[in-house]
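# Observations on the three-dimensional arrangement
The primary structure of each chain is shown beneath.
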Amino acid sequence: MGGMQRLVRALVLLLLLGLGALWALAWFGRQPGEALGDAFLRQVARLTGQEAPVPVSAGGVQLPQGVTLGGPFSLVNQEGRAVTQADFQGQLMVAYFGFTFCPDVCPTELGNIASAMELLTPEQQARVTPAFFTIDPERDTPEQMKLYVGNFHPRMVGLTGTPEQVAETARRFRVYYNKVQRPEMSEYLMDHSSYIYLIGRDGRVVTLLRPNSSPEAIAEAVRGQLAAR
(Lines give C-alpha, C1' and ligand atoms only; values in the text may rest on other atoms or scores of the structure.)
Protein backbone atom coordinates (compact mmCIF):
# COMPACT_ATOMS: atom_id res chain seq x y z
CA MET A 1 0.00 0.00 0.00
CA GLY A 2 2.87 2.35 0.90
CA GLY A 3 4.45 1.78 -2.51
CA MET A 4 1.18 2.62 -4.26
CA GLN A 5 0.82 5.84 -2.28
CA ARG A 6 4.37 6.90 -3.17
CA LEU A 7 3.64 6.20 -6.85
CA VAL A 8 0.45 8.27 -6.75
CA ARG A 9 2.27 11.13 -5.04
CA ALA A 10 5.05 10.99 -7.62
CA LEU A 11 2.52 11.08 -10.47
CA VAL A 12 0.70 14.02 -8.90
CA LEU A 13 4.00 15.85 -8.44
CA LEU A 14 4.92 15.22 -12.09
CA LEU A 15 1.51 16.48 -13.20
CA LEU A 16 1.88 19.65 -11.12
CA LEU A 17 5.38 20.24 -12.44
CA GLY A 18 4.13 19.75 -16.01
CA LEU A 19 1.26 22.19 -15.52
CA GLY A 20 3.66 24.66 -13.94
CA ALA A 21 5.97 24.39 -16.94
CA LEU A 22 3.04 24.99 -19.32
CA TRP A 23 1.96 28.07 -17.39
CA ALA A 24 5.54 29.35 -17.51
CA LEU A 25 5.67 28.79 -21.27
CA ALA A 26 2.34 30.56 -21.60
CA TRP A 27 3.63 33.52 -19.57
CA PHE A 28 6.83 33.98 -21.52
CA GLY A 29 5.41 33.04 -24.92
CA ARG A 30 2.12 34.92 -24.98
CA GLN A 31 1.39 37.29 -27.84
CA PRO A 32 0.99 41.05 -27.34
CA GLY A 33 -2.43 41.66 -25.78
CA GLU A 34 -3.11 37.93 -25.37
CA ALA A 35 -4.70 36.82 -22.08
CA LEU A 36 -2.63 34.40 -20.01
CA GLY A 37 -5.42 31.79 -20.06
CA ASP A 38 -5.61 31.94 -23.86
CA ALA A 39 -1.83 31.59 -24.09
CA PHE A 40 -2.03 28.52 -21.82
CA LEU A 41 -4.67 26.92 -24.10
CA ARG A 42 -2.44 27.63 -27.07
CA GLN A 43 0.49 25.84 -25.40
CA VAL A 44 -1.72 22.84 -24.57
CA ALA A 45 -2.96 22.73 -28.16
CA ARG A 46 0.60 22.86 -29.49
CA LEU A 47 1.66 20.04 -27.13
CA THR A 48 -1.24 17.80 -28.15
CA GLY A 49 -1.09 18.61 -31.85
CA GLN A 50 -4.59 20.11 -31.81
CA GLU A 51 -5.70 23.53 -32.98
CA ALA A 52 -6.35 26.03 -30.22
CA PRO A 53 -9.89 27.37 -29.91
CA VAL A 54 -10.29 31.07 -30.47
CA PRO A 55 -11.29 32.69 -27.16
CA VAL A 56 -14.87 33.87 -26.84
CA SER A 57 -13.48 37.33 -26.02
CA ALA A 58 -12.20 37.50 -29.60
CA GLY A 59 -15.72 37.11 -30.96
CA GLY A 60 -15.67 33.33 -31.05
CA VAL A 61 -18.67 31.15 -30.30
CA GLN A 62 -17.82 28.26 -27.99
CA LEU A 63 -18.87 24.98 -29.59
CA PRO A 64 -20.66 22.52 -27.28
CA GLN A 65 -18.51 19.70 -25.90
CA GLY A 66 -18.19 16.90 -28.44
CA VAL A 67 -19.65 18.90 -31.33
CA THR A 68 -17.53 19.06 -34.49
CA LEU A 69 -18.28 21.02 -37.63
CA GLY A 70 -16.94 20.67 -41.14
CA GLY A 71 -14.82 17.95 -42.62
CA PRO A 72 -13.88 16.78 -46.10
CA PHE A 73 -15.68 18.50 -48.97
CA SER A 74 -15.70 18.23 -52.79
CA LEU A 75 -16.72 21.36 -54.68
CA VAL A 76 -15.84 23.48 -57.71
CA ASN A 77 -13.94 26.76 -57.49
CA GLN A 78 -14.54 29.96 -59.44
CA GLU A 79 -12.19 28.75 -62.17
CA GLY A 80 -14.35 25.67 -62.77
CA ARG A 81 -11.78 23.33 -61.21
CA ALA A 82 -12.78 20.54 -58.83
CA VAL A 83 -11.30 21.12 -55.37
CA THR A 84 -11.38 19.46 -51.97
CA GLN A 85 -10.25 20.52 -48.51
CA ALA A 86 -6.84 19.01 -49.37
CA ASP A 87 -6.25 21.88 -51.84
CA PHE A 88 -6.17 24.26 -48.87
CA GLN A 89 -3.80 22.26 -46.64
CA GLY A 90 -1.55 24.57 -44.66
CA GLN A 91 -4.02 27.44 -45.02
CA LEU A 92 -6.45 28.81 -42.48
CA MET A 93 -9.76 29.34 -44.29
CA VAL A 94 -12.03 32.21 -43.25
CA ALA A 95 -15.31 31.08 -44.75
CA TYR A 96 -18.83 32.35 -45.18
CA PHE A 97 -21.88 30.55 -46.61
CA GLY A 98 -24.28 32.63 -48.70
CA PHE A 99 -25.30 33.44 -52.26
CA THR A 100 -24.33 36.04 -54.85
CA PHE A 101 -27.88 37.40 -55.27
CA CYS A 102 -28.02 38.22 -51.55
CA PRO A 103 -29.08 41.88 -51.24
CA ASP A 104 -27.47 42.85 -47.95
CA VAL A 105 -26.11 40.38 -45.39
CA CYS A 106 -23.68 38.47 -47.62
CA PRO A 107 -21.87 41.49 -49.09
CA THR A 108 -21.63 43.01 -45.63
CA GLU A 109 -20.08 39.88 -44.09
CA LEU A 110 -17.72 39.34 -47.04
CA GLY A 111 -16.72 42.99 -46.87
CA ASN A 112 -15.85 42.55 -43.19
CA ILE A 113 -13.74 39.50 -44.03
CA ALA A 114 -11.96 41.41 -46.78
CA SER A 115 -11.29 44.33 -44.43
CA ALA A 116 -9.96 41.91 -41.81
CA MET A 117 -7.49 40.55 -44.36
CA GLU A 118 -6.10 44.05 -44.82
CA LEU A 119 -5.44 44.26 -41.07
CA LEU A 120 -3.05 41.29 -41.32
CA THR A 121 0.60 41.47 -42.26
CA PRO A 122 1.60 40.23 -45.74
CA GLU A 123 3.11 37.13 -44.12
CA GLN A 124 -0.13 36.41 -42.27
CA GLN A 125 -2.24 37.03 -45.38
CA ALA A 126 -0.20 34.44 -47.26
CA ARG A 127 -1.35 31.80 -44.73
CA VAL A 128 -5.05 32.69 -44.96
CA THR A 129 -7.66 31.92 -47.64
CA PRO A 130 -10.94 33.84 -47.45
CA ALA A 131 -13.64 31.62 -48.97
CA PHE A 132 -17.24 32.10 -50.05
CA PHE A 133 -19.32 28.89 -50.14
CA THR A 134 -22.58 29.21 -52.06
CA ILE A 135 -25.84 27.71 -50.90
CA ASP A 136 -27.47 28.61 -54.25
CA PRO A 137 -25.80 26.38 -56.88
CA GLU A 138 -28.71 26.86 -59.28
CA ARG A 139 -27.62 30.44 -60.03
CA ASP A 140 -24.09 30.57 -58.62
CA THR A 141 -22.09 29.08 -61.47
CA PRO A 142 -18.28 29.25 -61.40
CA GLU A 143 -18.46 32.26 -63.74
CA GLN A 144 -20.90 34.06 -61.46
CA MET A 145 -18.78 33.24 -58.41
CA LYS A 146 -15.64 34.58 -60.11
CA LEU A 147 -17.32 37.90 -60.88
CA TYR A 148 -18.67 38.15 -57.36
CA VAL A 149 -15.67 37.28 -55.17
CA GLY A 150 -13.47 39.52 -57.31
CA ASN A 151 -15.33 42.47 -55.81
CA PHE A 152 -14.03 41.74 -52.32
CA HIS A 153 -10.45 40.48 -52.11
CA PRO A 154 -7.93 39.06 -54.61
CA ARG A 155 -7.30 36.02 -52.38
CA MET A 156 -10.97 35.19 -51.95
CA VAL A 157 -12.05 31.82 -53.34
CA GLY A 158 -15.60 31.12 -54.52
CA LEU A 159 -16.85 27.55 -54.07
CA THR A 160 -19.91 26.06 -55.75
CA GLY A 161 -20.86 22.65 -57.15
CA THR A 162 -23.82 20.44 -57.87
CA PRO A 163 -26.88 20.75 -55.63
CA GLU A 164 -25.86 17.44 -54.04
CA GLN A 165 -22.31 18.63 -53.35
CA VAL A 166 -23.52 21.91 -51.89
CA ALA A 167 -26.13 20.16 -49.73
CA GLU A 168 -23.55 17.71 -48.38
CA THR A 169 -21.09 20.48 -47.55
CA ALA A 170 -23.81 22.51 -45.83
CA ARG A 171 -24.78 19.44 -43.83
CA ARG A 172 -21.21 18.91 -42.64
CA PHE A 173 -20.95 22.53 -41.54
CA ARG A 174 -24.53 22.52 -40.18
CA VAL A 175 -25.50 25.48 -42.33
CA TYR A 176 -29.21 26.23 -42.50
CA TYR A 177 -30.59 27.41 -45.85
CA ASN A 178 -33.96 27.50 -47.56
CA LYS A 179 -35.33 28.94 -50.80
CA VAL A 180 -37.84 31.77 -50.29
CA GLN A 181 -40.22 32.66 -53.14
CA ARG A 182 -42.98 35.20 -52.54
CA PRO A 183 -45.67 36.21 -55.06
CA GLU A 184 -44.40 39.80 -55.24
CA MET A 185 -40.81 38.71 -55.93
CA SER A 186 -39.48 38.24 -59.46
CA GLU A 187 -36.43 36.35 -58.12
CA TYR A 188 -36.24 33.98 -55.19
CA LEU A 189 -34.02 34.63 -52.19
CA MET A 190 -32.22 32.23 -49.88
CA ASP A 191 -32.82 32.30 -46.16
CA HIS A 192 -29.64 31.08 -44.42
CA SER A 193 -27.55 31.13 -41.27
CA SER A 194 -24.83 33.76 -41.14
CA TYR A 195 -21.78 32.65 -39.15
CA ILE A 196 -18.16 33.09 -40.19
CA TYR A 197 -16.18 29.84 -40.01
CA LEU A 198 -12.48 29.52 -39.30
CA ILE A 199 -11.50 26.22 -40.91
CA GLY A 200 -8.27 24.42 -40.10
CA ARG A 201 -6.87 20.98 -40.81
CA ASP A 202 -8.96 18.46 -42.77
CA GLY A 203 -11.71 21.02 -43.31
CA ARG A 204 -12.57 21.02 -39.60
CA VAL A 205 -14.00 24.18 -38.02
CA VAL A 206 -11.79 25.50 -35.24
CA THR A 207 -14.21 28.24 -34.24
CA LEU A 208 -17.30 30.17 -35.25
CA LEU A 209 -17.50 33.93 -35.36
CA ARG A 210 -20.79 35.64 -34.70
CA PRO A 211 -22.75 37.40 -37.44
CA ASN A 212 -21.72 41.05 -37.88
CA SER A 213 -18.30 40.45 -36.36
CA SER A 214 -16.14 43.50 -36.97
CA PRO A 215 -13.03 43.32 -39.16
CA GLU A 216 -10.96 43.87 -36.01
CA ALA A 217 -12.58 40.89 -34.23
CA ILE A 218 -12.11 38.67 -37.28
CA ALA A 219 -8.47 39.69 -37.62
CA GLU A 220 -7.87 39.06 -33.91
CA ALA A 221 -9.37 35.57 -34.20
CA VAL A 222 -7.27 34.82 -37.28
CA ARG A 223 -4.07 35.98 -35.57
CA GLY A 224 -4.85 33.74 -32.61
CA GLN A 225 -5.22 30.70 -34.86
CA LEU A 226 -2.08 31.50 -36.86
CA ALA A 227 -0.08 31.81 -33.63
CA ALA A 228 -1.26 28.35 -32.58
CA ARG A 229 -0.34 26.60 -35.82
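Going by an unreviewed UniProt entry, the protein chain carries the name SCO1/SenC and comes from Pseudoroseomonas cervicalis ATCC 49957. Taken directly from UniProt, the Sequence similarities (unreviewed entry) text for the protein chain runs: "Belongs to the SCO1/2 family."

### Quick word on the pairing of strand β2 (residues 74-77)
Summarising the sheet, β2 and strand β3 (residues 82-84) pair through three bridges and their orientation is antiparallel. Residue pairing across strands places valine 76 opposite alanine 82, the latter belonging to β3. Linking two consecutive strands that pair antiparallel, namely β2 and β3, is a turn of four residues; a positive phi of about 85 degrees is found at glycine 80 within it. The pairing of β2 with strand β6 (residues 157-160) spans two bridges and is classified as antiparallel. Across the sheet, residue asparagine 77 finds its bridge partner in β6, namely leucine 159.

### Considerations on the confidence of the model for the protein chain
When pLDDT is averaged along the protein chain, the result is 82; 71% of the residues meet or exceed 70. Note that residues 26-58 has pLDDT below 50 and, in this model, 60 contacts with residues that lie over four places away or in other chains.

### Structural notes on unusual backbone geometry
For arginine 174, which is not glycine, the phi torsion reads 55 degrees and is therefore positive. Phi at asparagine 212 takes a positive value of approximately 65 degrees, unusual for a residue other than glycine. Looking at the element boundaries, asparagine 212 is found in the loop between β10 (205-209) and α7 (215-228).

### A few points about the packing of aromatic side chains
A full pass over the atoms with the stated rule returns nine aromatic pairs. Residues phenylalanine 97 and phenylalanine 173 carry aromatic rings whose centres are separated by 5.3 Å and whose planes lie at 45 degrees to one another, so their mutual orientation is tilted. Pair noted here: phenylalanine 97 is in strand β4 (residues 92-98) and phenylalanine 173 is in helix α6 (residues 163-173), with a separation of 76 residues, a long-range link. Take phenylalanine 97: its relative accessible area is 3%, and that puts it in the buried class. Ring geometry for phenylalanine 132 and tyrosine 148: centres 5.5 Å apart, planes at 35 degrees, overall tilted. Linking phenylalanine 132 in strand β5 (residues 128-134) with tyrosine 148 in helix α5 (residues 142-149), this pair joins segments that are 16 residues apart in sequence. Members of the aromatic cluster, joined through ring pairs, are Phe73, Phe88, Phe97, Phe133, Phe173 and Tyr197. The aromatic ring of phenylalanine 101 is capped on one face by arginine 139, whose charged end is 4.3 Å from the ring centroid. Positioned above the aromatic ring of tyrosine 188 is the side chain of lysine 179, whose terminal nitrogen or guanidinium carbon lies 4.3 Å from the ring centre.

About the criteria used
- Residues numbered from 1 in each chain as written.
- Predicted model: local features only at pLDDT ≥ 70, side-chain atom pairs only at ≥ 80, totals over all residues.
- Heavy atoms only, no water.
- UniProt positions renumbered as here; feature names shortened; annotations may be inferred.
- Pairing = 2+ DSSP bridges.
- Helix = DSSP H or I, 4+ residues; strand = E, 2+ residues; numbered from the N terminus.
- pLDDT = per-residue confidence, 0-100.
- Contact = heavy atoms within 4.5 Å.
- Phe/Tyr/Trp six-rings, centres within 6.5 Å; stacked < 30°, edge-to-face > 60°.
- Buried < 20%, exposed > 50% of the residue type's maximum accessible area, 1.4 Å probe, protein only.
- Lys NZ or Arg CZ within 6 Å of the ring centre and 35° of its normal.

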